[in-house]
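Chain by chain, the residues:
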Amino acid sequence: MNFQQLKIIRESARCNYNLTEVSNMLFTSQSGVSRHIRELEDELGVEIFIRRGKRLLGLTEPGKELLAVAERILNEAQNIRRLADVFSKEDAGVLTIATTHTQARYSLPKVIKAFRAIYPGVRLELHQGSPQEVLAMLLSGQADVAIASEKLMNDPTVAAFPYYRWHHAIVVPQGHPLTLQHPITLQHLSEQPLITYRQGITGRSRLDDAFSRAALTADIVLSAQDSDVIKTYVELGLGVGILADKAFEAARDTGLQLINAEHLFEGNTVWLGLKKAQLQRNYVWRFIELCNPGLSVNEIKEKVFAVGDEPVIDYQI
């Protein structure tokens, strides 16, 4: 048994059992992947995968148990590789953050400025994507920290910490008729062409749910990935915008007017995510603490290195 075989088991589950994708992820050939699987099954004396002909469909029960063990072994191997950096480079290195456009543009600048003042020797990399892509980057090791929606909180392999709460708000050109409506209702919005986020990001499901519960149809004429695009098309008069309240800056968005919509849509929480049981450089713990000053570094470590309600090890580094 070797690490390459364990990596193949893990990547097979992540790639939905597509061996072509597995071979691409591990920079090897598909025949090599198949050979490693056969050799491991022969060594263990059990079938790891459910098959239909040459296709893999899923994991057998022994395969599921093996996947859990492989995840732990590979994670601990990564921790070993990190040890030297943790002890020898406490104030230097790279912090890679995977997040959405809205967080990178509106909520993180002040935190990153404070972080840079404390750790001038640490370089930062921001990778932007959808919540699903952000989670995938964290789990694959491409990112140290993930910042996104409930996707992080709902994954059992991620230690999630609340960052902040936010609500959707309505944005219109100055003098728009909706500014005279008190209070504004979903019925009012359903009569307008709407510009908002695309499916799967920035709380879009909460908007759809609100209109659905009210038995109304939202006329969404344009959907986009980021708040700046939404505001641009609202300024052009193409519709009424619904976006994160954090994304409105009165000093910059002078041609627009914000209308509170907390009574119309459920609130949202942005989460900070770290991979469970993964050793981190000291500046990673400190970054989470800067995002949420209500957390201490010890509390963050305790949750990351806990199994169930019990900490498995105390990494006081």
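Residues numbered from 1 in each chain as written. Predicted model: local features only at pLDDT ≥ 70, side-chain atom pairs only at ≥ 80, totals over all residues. Heavy atoms only, no water.

Moving on to the packing of helix α1 (residues 3-14) against helix α3 (residues 30-44). Viewed as axis vectors pointing N to C, α1 and α3 meet at an angle of 105°, and their least axial separation amounts to 10 Å. What the angle tells us is that α1 and α3 run roughly perpendicular. Together, Gln4, Gln5, Ile8 and Ile9 of α1 and Val33, His36, Ile37, Glu39 and Leu40 of α3 make up the contact between the two elements. Here the residues of the contact of α1 with α3 sort into five nonpolar, three polar and one charged. (Axes fitted to C-alpha atoms, helices over the stretch in contact; angles between N-to-C directions. Helix = DSSP H or I, 4+ residues; strand = E, 2+ residues; numbered from the N terminus. Parallel < 35°, antiparallel > 145°, perpendicular 65-115°, else oblique. Contact = heavy atoms within 4.5 Å. Nonpolar A, V, L, I, M, F, W, Y, C, P; charged D, E, K, R; others polar.)

Right, let's talk about the packing of aromatic side chains for a bit. Applying the stated criterion across every chain yields a total of eight aromatic pairs. Where Phe211 meets Phe265, the ring centres are 6.2 Å apart and the plane angle is 50°; that geometry is what we call tilted. On the criterion of sequence distance, the pair formed by Phe211 in helix α10 (residues 204-213) and Phe265 in the loop between β11 (256-260) and β12 (268-275) is long-range, its members being 54 residues apart. Each member of the pair Phe211 and Phe265 is classed as buried. By way of ring pairs, the aromatic residues Phe115, Tyr119, Tyr283 and Phe287 are connected into one cluster. Across from the ring centre of Tyr164, 5.0 Å away, lies the NZ or CZ of Lys246, which sits over that ring. When the ring centre of Phe161 is taken as origin, the NZ or CZ atom of Lys303, which lies over that ring, is 5.2 Å away. (Phe/Tyr/Trp six-rings, centres within 6.5 Å; stacked < 30°, edge-to-face > 60°. Buried < 20%, exposed > 50% of the residue type's maximum accessible area, 1.4 Å probe, protein only. Lys NZ or Arg CZ within 6 Å of the ring centre and 35° of its normal.)

Our next topic: the confidence of the model for the protein chain. With 94% of its residues at a pLDDT of 70 or more, the protein chain has an overall mean of 89. With pLDDT under 50 throughout, residues 309-317 is counted as low confidence; its partners more than four residues away or in other chains account for 19 contacts. (pLDDT = per-residue confidence, 0-100.)

Before going further, it helps to examine the sheet that holds strand β4 (residues 122-128). Taken in spatial order, the five strands of this open sheet run β4-β3-β5-β12-β6, and their pairing is mixed. Across the chains shown, the open sheet's two edge strands, defined by having one partner strand only, are β4 and β6 (158-166). For this sheet the average axis-to-axis angle between neighbouring strands, irrespective of direction, equals 20°. Strands in contact with helix α7 (residues 131-140) are β3 (93-99), β4, β5 (145-148), β6 and β12; relative to β5, the strand with the most contacts, it is inclined by about 165°. (Pairing = 2+ DSSP bridges.)

Before going further, it helps to examine unusual backbone geometry. The residue after His182, namely Pro183, is reached through a cis peptide bond having omega -5°. Relative to the helices and strands, Pro183 is located in the loop between β7 (168-173) and α9 (186-190). In the Ramachandran plot, Asn16 falls in the positive-phi region, its phi being about 55° despite a non-glycine side chain.

Turning our eyes to something else, we now look at the nonpolar core. Ranked by size, the top nonpolar core spans 41 residues in total, and within it Leu95, Ile147, Phe161, Tyr163, Leu274, Phe287 and Ile288 carry the most contacts. Considering every element that reaches this core, the biggest residue donor is helix α12 (residues 282-291), with seven residues. Core analysis: the next-biggest nonpolar cluster, separate from the first, contains 19 residues, Leu40, Ile48, Leu66 and Leu74 among them. (Core = buried A, V, L, I, M, F, W, Y, C linked by side-chain atoms within 4.5 Å.)

Take the pattern of salt bridges next. Tallying each qualifying case throughout the model produces 16 salt bridges. In this structure, Glu71 and Arg14 form a salt bridge, with 3.8 Å as the shortest nitrogen-oxygen distance. With Glu71 in helix α4 (residues 61-88) and Arg14 in helix α1, the pair connects residues that are 57 residues apart, well separated along the chain. The class of Glu71 is partly exposed, set by a relative accessible area of 27%. You can call Arg14 partly exposed: its relative accessible area is 32%. Of the charged contacts in the structure, one is a salt bridge between Arg51 and Glu41, with a shortest N-O distance of 2.9 Å. Of this pair, Arg51 sits in strand β1 (residues 49-52) while Glu41 sits in helix α3, and the two are 10 residues apart along the sequence. Where salt bridges share partners, they join Arg105, Asp228, Lys231, Glu249, Arg252 and Asp253 into one cluster. (Salt bridge = Lys/Arg side-chain N within 4 Å of Asp/Glu carboxyl O.)

Next up on the list: helix α13 (residues 297-304). By the burial criterion, the buried members of α13 are Ile300, Lys301 and Val304. An end-on view of α13 places all buried positions within 95° of arc, on one side of the element. (Arc of directions from axis to C-beta.)

It is worth spelling out α10 at this point. Each α-helix turn comprises 3.6 residues. Residues three or four places apart therefore point the same way. Of the positions making up α10, those classed as buried are Arg204, Leu207, Ala210 and Phe211. The arc enclosing the buried residues of α10, seen along the axis, measures out at 125°, which places them on a common side. Within α10, the exposed residues directed more than 90 degrees away from the buried face are Ser212 and Arg213. Against β7, α9, β8 (193-197), β9 (219-224) and β10 (240-244) lie the buried residues of α10.

All right, on to the sheet that holds β10 then. Spatially, β9-β8-β10-β7-β11 is the arrangement adopted by the five strands of the open sheet, whose pairing is mixed. Among the strands making up the open sheet, the edge pair consists of β9 and β11. With direction set aside, neighbouring strand axes in the sheet form an average angle of 30°. Inspection of the sheet shows β8 paired to β9 by five bridges, in the parallel sense. Note that in β9 the partner of Thr196 across the bridge is Ser223. Packing of α10 onto the sheet brings it into contact with β7, β8, β9 and β10, and relative to β8 it is tilted by some 145°. The strands that helix α11 (residues 227-235) touches are β7, β8, β9, β10 and β11; relative to β10, the one it contacts most, it runs at about 160°.

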